[in-house]
There are 2 protein chains.
Amino acid sequence: MSSTMGTGPVGEVEVGADAIEASRVNGTAVYNTEGDHLGHIYDVVIGKRDGRVKYAIMSFGGFLGIGEEYHPLPWEVLKYDERQGGYVVGITIDQLQSAPRYGADARPDWATSDYGRRVNDYYGVAY
Amino acid sequence: MSSTMGTGPVGEVEVGADAIEASRVNGTAVYNTEGDHLGHIYDVVIGKRDGRVKYAIMSFGGFLGIGEEYHPLPWEVLKYDERQGGYVVGITIDQLQSAPRYGADARPDWATSDYGRRVNDYYGVAY
């Protein structure tokens, strides 16, 4: 692309676009602020009408030993950290263990608000 | 859930949540306003930081005969139509044929703004 349209010094990552296919967000690591690796993004939940990413579903494979479990995290509690190349969320492993989660056979119904409200309440995020 | 927390008459779909896993948006049909079936959603492009769905990538398999091609559509031009169970976009097949698209071997770089700007320009949506 033309070198005259640069929005920053050569070699600097342009700020502003920073977009990615949802399918490629999946697999991104999630850490807490203590640097613990909590899991990775398994899927994101989006509003069909408003086009907002509402939840990142973090999978937790292996942590509990059996099967894979899914923790929805309100998008608002996730911060992308360029340095770590992953998302950082300010919760402890203890907090996560009592957080709303579900197994592969108990997928919540995102079309209604019940489950989403419960998740937001847990993390103190307005629904 | 408690029957006292209903937000509408029994049997009516609750408005307000209407969320869905991105992985399940994939496959949703896309029509134009004439009712032509244009393709289906293949993926969505989201902003890593702002959490906005920026583009729906519509795949166009078969229409051109060979291979699969991808048309990114700005989220703003898509309207979800409950009745058809798909998205409706106000473009003709002719317009679509000259719209930005790419093949499986030429995935654009969504991290920078060049390609996104081109898509938005084509559809007359502010970047």
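Just so we're clear, the structure is a prediction, and the values are computed from it rather than from any experiment.

(A) Up close: the pattern of salt bridges. Evaluated as defined, the whole model comprises six salt bridges over all chains. The salt bridge involving glutamate 21 of chain A is made with arginine 107 of chain B; its shortest N-O contact spans 2.6 Å. Residue glutamate 21 of chain A is located in strand S1 (residues 19–21), and its partner arginine 107 of chain B is located in the loop between strand S8 (102–103) and helix H3 (114–123); the two belong to separate chains. In this structure, lysine 54 of chain A and aspartate 50 of chain A form a salt bridge, with 2.8 Å as the shortest nitrogen-oxygen distance. With a relative accessible area of 35%, aspartate 50 of chain A lands in the partly exposed category.

(B) Region of the structure containing the nonpolar core. Val30, Val44 and Ile46 of chain A together with Val30, Val44 and Ile46 of chain B are the most contacted members of the largest nonpolar core, which totals 64 residues. Those residues in contact with isoleucine 46 of chain B, other than ones at most four positions away along the chain, are Asp18, Ala19, Ile20, Val25, Val44, Val53 and Trp75 of chain A together with Arg52, Val53 and Lys54 of chain B.

(C) Geometry of the interface of chain A and chain B. Taken together, the 36 residues of chain A in the interface contact 36 residues of chain B. Put simply, chain A and chain B have two salt bridges between them. Taken together, chain A and chain B are joined by 22 residue pairs in polar contact (both at pLDDT 80 or more). Contributions of two or more residues to the side of chain A that touches chain B are made by S1, helix H1 (22–25), strand S3 (37–47) and strand S4 (53–59) of chain A. Among the elements that make up the side of chain A that touches chain B, the one with the highest residue count is S3 of chain A (five residues). In the sheet, S1 of chain A pairs with strand S3 (residues 37–47) of chain B via three bridges, with the strands oriented antiparallel. Its bridge partner lying in S3 of chain B, isoleucine 20 of chain A is registered against isoleucine 46 of chain B.

(D) Expanded view of empty space enclosed by the protein. Within the structure shown, the criterion is met by one cavity of 30 Å³ or more. When its volume is computed, the largest cavity comes out at roughly 40 Å³. Looking at the largest cavity, the residues that line it are Ala17 and Ala19 of chain A together with Lys54, Tyr55, Trp110, Thr112, Gly116 and Tyr127 of chain B. For the lining of the largest cavity, the residue count by class is five nonpolar, two polar and one charged.

(E) Seen up close, the pairing of strand S5 (residues 69–74) of chain A. Residue and element names in this part refer to chain A. Counting buried residues in S5 gives five out of six residues, a clear majority hidden from the surface. Pairing analysis gives five bridges linking S4 to S5, with the strands arranged antiparallel. Note that in S5 the partner of isoleucine 57 across the bridge is proline 72. Note that S5 and strand S8 (residues 102–103) share two bridges and pair antiparallel. Within the sheet, the bridge partner assigned to glutamate 69 lies in S8 and is glycine 103.

(F) Spatial organisation of the environment of tyrosine 123 of chain B. All names here are of chain B. Mapping tyrosine 123 onto the fold places it in helix H3. Given a relative accessible area of 14%, tyrosine 123 falls into the buried group. As for tyrosine 123 and proline 74, which are separated by 49 residues in sequence, their C-alpha atoms are 7.5 Å apart.

(G) Up close: the side chain of threonine 28 of chain A. Residues and elements named next belong to chain A. Summarising the element assignment, threonine 28 is placed in the loop between H1 and strand S2 (29–32). Residue threonine 28 is classed as buried on the basis of its relative accessible area of 14%. Polar side-chain contacts of threonine 28 include one of 2.6 Å to the backbone oxygen of valine 25. The contacts of threonine 28, once residues within four sequence positions are left out, are Gly39, His40, Ile41, Tyr80, Gly85, Gly86 and Tyr87.

About the criteria used
Residues numbered from 1 in each chain as written. Chains lettered and ligands numbered in written order. Predicted model: local features only at pLDDT ≥ 70, side-chain atom pairs only at ≥ 80, totals over all residues. Heavy atoms only, no water. Salt bridge = Lys/Arg side-chain N within 4 Å of Asp/Glu carboxyl O. Helix = DSSP H or I, 4+ residues; strand = E, 2+ residues; numbered from the N terminus. Buried < 20%, exposed > 50% of the residue type's maximum accessible area, 1.4 Å probe, protein only. Core = buried A, V, L, I, M, F, W, Y, C linked by side-chain atoms within 4.5 Å. Contact = heavy atoms within 4.5 Å. Polar contact = N/O pair within 3.5 Å; in protein donor to acceptor, adjacent residues only side chain to side chain. Pairing = 2+ DSSP bridges. 1 Å grid on protein atoms, 1.4 Å probe; cavity = no way out; pocket = protein on both sides within 12 Å on 5 of 7 lines; lining within 4 Å. Points joined across faces, edges and corners; volume = space filled by probe spheres on them. Nonpolar A, V, L, I, M, F, W, Y, C, P; charged D, E, K, R; others polar.

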